[in-house]
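# Per-entry structural report
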Amino acid sequence: MTNTLTQKKLYIASDHAGFDLKRTLIQEALATKYGFEFVDLGPMNADRVDYPDFSAKVVSKIIADPFAIGVLICGSGQGMAMSANRHKGIRAALAWNEESAKLSREHNNANVLCLGARLIEPALAGKILESFLSAKFEGGRHSGRIEKF
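Residues numbered from 1 in each chain as written. Predicted model: local features only at pLDDT ≥ 70, side-chain atom pairs only at ≥ 80, totals over all residues. Heavy atoms only, no water.

Two elements in contact, helix H1 (residues 19–28) and helix H6 (residues 122–134), have axes separated by 10 Å at closest approach and are oriented at 60°. By the angle class used here, H1 and H6 are oblique. In terms of crossing hand, the pair formed by H1 and H6 is right-handed. Residue-level contacts link Leu21, Thr24, Leu25 and Glu28 of H1 to Pro122, Ala125, Gly126 and Leu129 of H6. Considered class by class, the residues forming the contact of H1 with H6 number 5 nonpolar, 2 polar and 1 charged. (Axes fitted to C-alpha atoms, helices over the stretch in contact; angles between N-to-C directions. Helix = DSSP H or I, 4+ residues; strand = E, 2+ residues; numbered from the N terminus. Parallel < 35°, antiparallel > 145°, perpendicular 65-115°, else oblique. Left-handed = near helix turned anticlockwise from the far one by under 90°. Contact = heavy atoms within 4.5 Å. Nonpolar A, V, L, I, M, F, W, Y, C, P; charged D, E, K, R; others polar.)

Below is the structure:
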């Protein structure tokens, strides 16, 4: 089943620590290359905020639209991943390199990518996002494992 009625969405949010990296990834328009429309769910400046509030915004969109994916960015990426994974149907993956992002999609059918802005340079973050967006779930032996979630 494909989403032919609307363009696929990539919902992105951060906390204050991830704000600059979020803005950089949006400006690079990497999602557009892969057929996704970026939807920025905040924050709109680098003022201090709590990451669970922004994780919840992305998660609610992903749950409502099974064709969408999300990107969450905080200082380490850990807080966003922990917060997102509390929700049924969310498979948030903390990626630190291109291979971890690729495998999270191929083997784990991840629908949310989490990045640590204090740990990953912007150029590498862009490559990680591209790897995540270009990978597809392999299904097969991995499907049964995902169903156990």
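Now that the structure has been shown, we can carry on.
Here we take up the pattern of salt bridges. In total, this model carries 6 salt bridges according to the counting rule given. A salt bridge links Arg23 to Asp20; its shortest N-O distance comes to 3.0 Å. Here the residue Arg23 and the residue Asp20 both occupy positions in helix H1, the gap between them amounting to 3 residues, near one helical turn. The salt bridge partner of Lys33 is Glu130, with a shortest N-O separation of 3.0 Å. A residue pair is termed long-range when its members are at least 10 positions apart, and Lys33 in helix H2 (residues 30–33) and Glu130 in helix H6 qualify at 97 residues. Using a relative accessible area of 22% as the deciding quantity, one classes Glu130 as partly exposed. (Salt bridge = Lys/Arg side-chain N within 4 Å of Asp/Glu carboxyl O. Buried < 20%, exposed > 50% of the residue type's maximum accessible area, 1.4 Å probe, protein only.)

The next thing to look at is the packing of helix H5 (residues 98–106) against H6. Running from N to C, H5 and H6 point in directions that differ by 20°, and their axes come no closer than 8 Å. Overall, the two elements H5 and H6 adopt an arrangement that is roughly parallel. For H5 against H6, the interelement crossing comes out right-handed. Packed against H5, whose contacting residues are Glu98, Ala101, Lys102, Ser104 and Arg105, the element H6 presents Lys127, Ile128, Ser131 and Phe132 at the interface. Here the contact of H5 with H6 is built from residues that sort into 3 nonpolar, 2 polar and 4 charged.

With that settled, the discussion passes to the sheet that holds strand S3 (residues 69–74). Spatial strand order, S2-S1-S3-S5-S4: 5 strands in an open sheet with parallel pairing. Each edge of the sheet is formed by a strand with only one pairing partner; in this case those strands are strand S2 (36–40) and strand S4 (92–94). When the angles between neighbouring strand axes are averaged without regard to direction, this sheet yields 20°. Alignment of strand S1 (residues 8–14) against S2, held across 5 bridges, turns out to be parallel. Bridging from a neighbouring strand, Tyr11 pairs with Val39 of S2. This element, helix H3 (residues 51–64), spans S1, S3 and strand S5 (112–116) of the sheet and lies at about 175° to S3. (Pairing = 2+ DSSP bridges.)

This next bit is on the packing of aromatic side chains. The geometry of an aromatic ring pair comes down to the distance between the two centres and the angle between the two planes. Under the criterion given, the structure shown has 0 aromatic pairs. The ring of Phe36 has Lys8 lying over it, and the distance from NZ or CZ to the ring centre is 4.5 Å. One Lys or Arg, Arg105, reaches over the ring of Phe132 and ends 5.0 Å from the middle of that ring. (Phe/Tyr/Trp six-rings, centres within 6.5 Å; stacked < 30°, edge-to-face > 60°. Lys NZ or Arg CZ within 6 Å of the ring centre and 35° of its normal.)

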